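A structural walkthrough
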Amino acid sequence: MDIKEIKRELAGLWERTSELISLALETDIDYLAALNARLLENSGKQLRPVLALLVASACGQPNDDSCHYAAASELLHNATLLHDDVADKSDCRRGKPTLNALMGPSVSVLVGDYWLVRAVRCILDAKSHGENVIRVFAKTLSDLTEGEMLQLQKAETCDTSEEDYLKVIYCKTASLFEAASLSAAISVNATEEMQSSVRRFATDLGIAFQIRDDIFDYSLGMNVGKPVGADILERKITLPLLGAFAAVDSEKEAAIRTRLRSTELDDAGREEICEFVRVNGGLEYAKKRMGDFLESARRSLLELPCSPARDTLEELLDFVGARKN
């Protein structure tokens, strides 16, 4: 299953969503326009608006509001990435230098703020349901902030549990999947029951998506746009490491956590922890948990009426589980 192929099948819906994204970013400030254009050229898979349009199609008859909310999800997603790059001091994303690396944190934050405000404007420009959808996206913004702060807190203490980890990735990743999908369902007047199914489906999909990303961080030979072990250097304890902890005694776990807290953690330390994860089944554990969430998402999805869009969403689950970047 190919995301580009899905975009082609979405045809006019995707064309309208892309148009709305471009229109939202129009500005007479040449400097800002050039930065926006650069970001759009390196916009990745655009999975969230694709997901939104498919959900709208699975729940009813998509309309122009569906496209507005799909566009808003992409604008908000990129705004959060620009802010995350500053918080994480990231120099590389999707295999290319970040705006933070090229222009500095001030520019990255300002452009992120611009995309965020334009996302809100895109929602307000829709003809109906704007107030409800604003509430959905406002919750996501709150989740994103709380997730980032919890992650920073746990990077200091290195005492992350699996419960902590799942809360972080819900807030930082799955919450936006949820917002994109729920707003799409709202746009086509989906029933409360359908909205509930969509919410569960999107949340589990988003969690599985982030687990897959975290597996990449320990996977050699993967072209994922960032160096292997980057999370370790940022003291992020993710599911592969938690899975490895489950396979060893408490003394060994404590030693690794102490090593993570060390201010002198270097490339050698990173390699040591990566090897610890590989040897102690951390990747296998994370893959199994990812599969659990994908299966849960599939069960929620099958509560929606049979349709070609639902079939494509089911294929999307397989794509997330098997993706290589």
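Basis of the calculations
Residues numbered from 1 in each chain as written. Predicted model: local features only at pLDDT ≥ 70, side-chain atom pairs only at ≥ 80, totals over all residues. Heavy atoms only, no water. Helix = DSSP H or I, 4+ residues; strand = E, 2+ residues; numbered from the N terminus. Expected span 1.5 Å × (residues − 1). Buried < 20%, exposed > 50% of the residue type's maximum accessible area, 1.4 Å probe, protein only. Arc of directions from axis to C-beta. Contact = heavy atoms within 4.5 Å. Patch = residues over 30% accessible without salt bridge, like charges linked within 9 Å, V, L, I, M, F, W, Y side chains within 5 Å. Areas by Shrake-Rupley, 256 points an atom, 1.4 Å probe, with all protein chains shown as cover. Salt bridge = Lys/Arg side-chain N within 4 Å of Asp/Glu carboxyl O. Lys, Arg positive; Asp, Glu negative; His and termini not counted. Charge placed at Lys NZ, Arg CZ, Asp CG, Glu CD. Axes fitted to C-alpha atoms, helices over the stretch in contact; angles between N-to-C directions. Parallel < 35°, antiparallel > 145°, perpendicular 65-115°, else oblique. Left-handed = near helix turned anticlockwise from the far one by under 90°. Nonpolar A, V, L, I, M, F, W, Y, C, P; charged D, E, K, R; others polar.

**A few points about helix H14 (residues 267–279)**
The first and last C-alpha atoms of H14 sit 18 Å apart over 13 residues, in line with the 18 Å expected at 1.5 Å per residue. Within H14, the full set of buried residues consists of Gly269, Arg270, Ile273, Cys274, Phe276 and Val277. Across the axial projection of H14, the buried residues extend over an arc of 155°, all falling on one side. For H14, exposure combined with an orientation more than 90 degrees from the buried face picks out Ala268 and Val279. In this structure, the buried side of H14 is in contact with helix H11 (230–233), helix H12 (239–245), helix H13 (250–261) and helix H15 (282–301).

**Quick look at unusual backbone geometry**
Phi is positive for His129, which is not a glycine, with a value near 65°. Inspection of the secondary structure puts His129 in the loop between helix H7 (105–124) and helix H8 (130–157). A relative accessible area of 25% places His129 in the partly exposed class. One non-glycine residue, Asn189, lies in positive phi territory at about 60°.

**Digging into the side chain of Thr238**
Mapping Thr238 onto the fold places it in the loop between H11 and H12. A relative accessible area of 6% places Thr238 in the buried class. Those residues in contact with Thr238 that sit more than four places away from it in its chain are Tyr165, Asp214, Tyr218 and Asp231.

**Section: a negative patch on the surface**
A contiguous patch of negative charge on the surface is contributed by Asp2, Glu5, Glu9, Asp311 and Glu315. Taken together, the elements giving at least two residues each to the negative patch come down to helix H1 (3–10) and helix H16 (308–322). You can call Glu315 partly exposed: its relative accessible area is 40%.

**Quick notes on the pattern of salt bridges**
Enumeration according to the criterion identifies 26 salt bridges in this entry. The salt bridge involving Arg323 is made with Asp213; its shortest N-O contact spans 2.7 Å. Highlighted residues: Arg323 in the segment after H16 and Asp213 in helix H10 (residues 192–216), separated in sequence by 110 residues. Taking the relative accessible area as the measure of exposure, Arg323 reaches 4% and is therefore buried. On the basis of relative accessibility, which here comes to 24%, the residue Asp213 falls in the partly exposed class. Across the pair Arg257 and Glu253 runs a salt bridge whose closest N-O atoms are separated by 3.0 Å. Taken together, the residues Arg257 and Glu253, both in helix H13 and four residues apart, mark about one turn of the helix. Look at Arg257 and you get buried, because its relative accessible area is 12%.

**A word on the packing of H1 against helix H4 (residues 47–59)**
It is at 11 Å that the axes of H1 and H4 come closest, and there the two elements cross at 45°. Classified by the angle between their axes, H1 and H4 sit oblique to one another. Viewed along their axes, H1 and H4 form a crossing whose handedness is left-handed. On H4, the residues touching Ile3, Ile6, Lys7 and Leu10 of H1 are Leu47, Val50, Leu53 and Leu54. When the residues that make up the contact of H1 with H4 are grouped by side-chain class, the tally is seven nonpolar, no polar and one charged.

So, to be careful, I would describe these as geometric facts and stop short of saying anything about function.
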